[in-house]
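Each chain, written out:
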Amino acid sequence: MRIAYVNTDAGVPPFGQKGCSVHVQEVIRGFLAKGHAVDLFTTVLGGQAPPGLEAVRVVQLPSVPKEDRALREQAALAANTQVRATLQREGPYSMVYERCALWSFAGMEYAQAAGVPGVLEVNAPLVDEQAAHRGLVDRPAAEQAALRTFSAARILAAVSEEVADYLERYPQARGRVRVVPNGVDVARFEPGLEPALPAPQGTFTVGFVGTLKPWHGLPVLADAFLELRKQVPNVRLLIVGDGPERSALEARLRAGGADPATILTGAVAPAQIPGLLASMNVAVAPYPQTSTFYFSPLKVYEYMAAGLPVVASRIGQLSGLIEDNVNGLLCSPGNAGELAQALARLNGEPALRLRLGQAARATVERDHTWSGVVTRLLDLAEPPDCGSPARPARQVREGRAQFD
């Protein structure tokens, strides 16, 4: 099968180092592993092709100029004409797979007109997110673009139940929404890897991986670590990633006297992540309380694949992925005291760490590999049985639960 993968989001460099970049790379690898050819249509690349993606043919799409926000929005909207013309020129394709982007509808409308499956991967309520965190001048136009792509897609693959709920608010999307959570390549995290940053003997290392953004609960992590240090002297905090919250995080840790016990690596390539996870004793996902938690955190799947005991907030998809005391520990979102208590418990109970880590790896090996994710996506792309009625919403939800 010849697949067009469309990415028009300038903040998602397919060959870059971000979590979203890993998502793009792994889905494309999955398509290739199943014998399909992939053409990548993208406005940005982010570097050279990572291992395994050298055979992907890249078609450069026009980039949006960095200027006045209103002009950028108009340019992004107008780019749909060229994106569709490019797909028509480079086609035909057997399937179009698009990572949903603000302003973009050309990929799904091209697929619909060509009579081939169009699968729209939706990772977030983008219009709401843009308005809340970055600014949106022409919201009605953004909503209209979203409606066009939702209407044209054969399948809308939401990464979480929360994203699915958002999509089902739109009559144009109902009946075609399916939940396909993120996954992990467990082969990257084989047991026994050498630590990239080994700790002194007897030191307990608490780790975090991810972009340092406000919604990742970094103040909670800092406060919990400072509290943990009062109970456990030989502890280390290893933070892998970079972002706009780094300065505030460093200041908070410095004020608490935790500078000597903290390592911040900055942004690293995905290939470095396994060795850094092997340098940790426990990994955390300390999300704060929010009414709009819609993530399917890649970091947690990677923690689990690495066989680490995970301490995560009891929120959103994590409440189903992590079974408390079985394959990880859960604590109340935003509660630094509970997080510190859970970390202190894991420090004092090596056998518990081992049991939780082994169960975590078994969970992702069984239910959350990228190979399984791509198989699911390809199954969904099959043409629907026109003789069958549309599935009611309740049945769709049951289908999600089975997959999850």
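Quick look at the structure, then. These numbers come from a predicted model, not from an experiment. (Residues numbered from 1 in each chain as written. Predicted model: local features only at pLDDT ≥ 70, side-chain atom pairs only at ≥ 80, totals over all residues. Heavy atoms only, no water.)

1. Some points on the packing of aromatic side chains
No. 1: Tallying each qualifying case throughout the model produces eleven aromatic pairs.
No. 2: Here the aromatic rings of Tyr287 and Phe293 are separated by 4.8 Å at their centres, their planes lie at 75 degrees, and the arrangement is edge-to-face.
No. 3: Given a relative accessible area of 5%, Phe293 falls into the buried group.
No. 4: Pairing Tyr287 with Phe295 gives two aromatic rings, centres 6.0 Å apart and planes at 20 degrees, and the pair type is stacked. Accessibility classification places Tyr287 together with Phe295 in one group, the buried group. (Phe/Tyr/Trp six-rings, centres within 6.5 Å; stacked < 30°, edge-to-face > 60°. Buried < 20%, exposed > 50% of the residue type's maximum accessible area, 1.4 Å probe, protein only.)

2. Here we look at the pattern of salt bridges
No. 1: All chains considered together, the criterion is met by 22 salt bridges.
No. 2: With a closest N to O distance of 2.8 Å, Arg89 and Glu90 form a salt bridge.
No. 3: Residue Arg89 is classed as exposed on the basis of its relative accessible area, which comes to 57%.
No. 4: Residue Arg188 pairs with Glu302 through a salt bridge whose shortest N-O separation is 3.2 Å. Of this pair, Arg188 sits in the loop between strand 7 (177–179) and strand 8 (204–209) while Glu302 sits in helix 10 (residues 298–305), and the two are 114 residues apart along the sequence. (Salt bridge = Lys/Arg side-chain N within 4 Å of Asp/Glu carboxyl O. Helix = DSSP H or I, 4+ residues; strand = E, 2+ residues; numbered from the N terminus.)

3. Points about the packing of helix 3 (residues 106–114) against helix 5 (residues 139–152)
No. 1: It is the contact of helix 3 with helix 5, at a shortest axis distance of 8 Å, that shows an interaxial angle of 35 degrees. As helix 3 runs across helix 5, the sense of the crossing is left-handed. Across from Met108, Glu109 and Gln112 in helix 3, the residues of helix 5 making contact are Arg148, Thr149, Ser151 and Ala152.
No. 2: The residue inventory of the contact of helix 3 with helix 5, partitioned by class, reads two nonpolar, three polar and two charged. (Axes fitted to C-alpha atoms, helices over the stretch in contact; angles between N-to-C directions. Left-handed = near helix turned anticlockwise from the far one by under 90°. Contact = heavy atoms within 4.5 Å. Nonpolar A, V, L, I, M, F, W, Y, C, P; charged D, E, K, R; others polar.)

4. Some details on the packing of helix 4 (residues 126–133) against helix 5
No. 1: The contact between helix 4 and helix 5 brings their axes to 10 Å, and the two run at 155 degrees. The orientation of helix 4 relative to helix 5 falls into the category roughly antiparallel. Between helix 4 and helix 5 lies a crossing whose hand is right-handed. Residue-level contacts link Val127, Asp128 and Ala131 of helix 4 to Arg139, Ala142, Glu143 and Ala146 of helix 5. (Parallel < 35°, antiparallel > 145°, perpendicular 65-115°, else oblique.)

5. Details of the nonpolar core
Burial of nonpolar side chains together is a common tendency in soluble globular proteins.
No. 1: Within the largest apolar cluster, 109 residues are counted, with the highest numbers of intra-cluster contacts made by Phe150, Leu167, Val300, Val311 and Leu318.
No. 2: Per element, the largest residue contribution to this core is eight residues, and it comes from helix 7 (residues 218–231).
No. 3: Excluding residues that lie within four positions of it along the chain, Val300 makes contacts with Ala285, Val310, Leu318, Leu321 and Ile322.
No. 4: Counting residues in each nonpolar core, the second largest holds 28 residues, with Val38, Leu378, Leu380 and Ala381 among its members. (Core = buried A, V, L, I, M, F, W, Y, C linked by side-chain atoms within 4.5 Å.)

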